[in-house]
Amino acid sequence: MGSTFNSLVGLIILALDIWAILNVLKSGAEVGIKVLWILLIVLLPVLGLIIWAIAGPRGNVRI
């Protein structure tokens, strides 16, 4: 049961990270800033996602 829950949480985090990266790519920020945000999200998936949600550039993605 625990491994199924952990897998589900991992997939949710992966999906949110991909969504955040797509938002960064569609934002109007400069290329260097985009690269830094993507590296932060990829290297620190949970913490990077939280930091991006608070301070990151937003694209034109509709929810």
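Per an unreviewed UniProt entry, the protein goes by PLDc N-terminal domain-containing protein and derives from Pseudomonas muyukensis. According to its UniProt record, the protein has this under Subcellular location (unreviewed entry): "Cell membrane".

Chemist: Is there a simple way to think about the overall build of the protein in this case?
Modeler: Within the protein, the secondary structure is distributed over 3 helices and 0 strands. If you list the helices and strands of the protein from N to C, you get α-α-α. Seen through its C-alpha atoms, the protein measures out along the principal axes to roughly 45 × 25 × 15 Å. The long-range fraction of contacts in the protein, counting pairs at least 24 apart against all pairs at least 6 apart in sequence, stands at 53%. A total accessible area of about 4,600 Å² is found for the protein, and carbon and sulfur atoms account for 75% of it.

Chemist: What is the right way to look at the confidence of the model for the protein in this model?
Modeler: In regions of low pLDDT, the predicted coordinates are not meant to be interpreted in detail. On average, the protein scores 88 in pLDDT, and the residues at 70 or more come to 90%. Of all the helices and strands in the protein, helix 3 (residues 45-55) carries the lowest mean pLDDT, 91, while helix 2 (residues 31-43) carries the highest, 95.

Chemist: When you look at the nonpolar core in this model, what are you seeing that I'm missing?
Modeler: Across soluble globular proteins, nonpolar side chains show a tendency to be buried alongside one another. If you look at the biggest cluster of nonpolar residues, it comprises 7 residues: A20, I21, V24, W37, I41, L49 and W52. For this core, the secondary structure elements donating two or more residues are helix 1 (2-26), helix 2 and helix 3. The leading source of residues in this core is helix 1, at 3 residues.

Chemist: Explain the side chain of K34 to me, please; I cannot follow it from the model alone.
Modeler: By the secondary structure assignment, K34 is in helix 2. As a buried residue without a salt bridge, K34 has its nearest oppositely charged side chain in E30, at a separation of 10 Å. For K34, the side chain forms a polar contact with the main-chain oxygen of L25, separated by 3.0 Å. Other than its neighbours up to four places away in sequence, K34 contacts V24, L25, S27 and A29.

Chemist: Where do I start with a nonpolar patch on the surface in this structure?
Modeler: Taken together, V31, I33, V35, L36, L39, V42, L43, L44, L47 and I51 make up a surface patch of nonpolar side chains, about 910 Å² in accessible area. Of all the secondary structure elements, the ones that give two or more residues to the nonpolar patch are helix 2 and helix 3. In terms of residue count, the dominant contributor to the nonpolar patch is helix 2 (7 residues). By the element assignment, L47 lies in helix 3. Judged by its relative accessible area of 47%, L47 falls in the partly exposed class.

Conventions used here
- Residues numbered from 1 in each chain as written.
- Predicted model: local features only at pLDDT ≥ 70, side-chain atom pairs only at ≥ 80, totals over all residues.
- Heavy atoms only, no water.
- UniProt positions renumbered as here; feature names shortened; annotations may be inferred.
- Helix = DSSP H or I, 4+ residues; strand = E, 2+ residues; numbered from the N terminus.
- Contact = heavy atoms within 4.5 Å.
- Areas by Shrake-Rupley, 256 points an atom, 1.4 Å probe, with all protein chains shown as cover.
- pLDDT = per-residue confidence, 0-100.
- Core = buried A, V, L, I, M, F, W, Y, C linked by side-chain atoms within 4.5 Å.
- Buried < 20%, exposed > 50% of the residue type's maximum accessible area, 1.4 Å probe, protein only.
- Lys, Arg positive; Asp, Glu negative; His and termini not counted.
- Salt bridge = Lys/Arg side-chain N within 4 Å of Asp/Glu carboxyl O.
- Polar contact = N/O pair within 3.5 Å; in protein donor to acceptor, adjacent residues only side chain to side chain.
- Patch = residues over 30% accessible without salt bridge, like charges linked within 9 Å, V, L, I, M, F, W, Y side chains within 5 Å.

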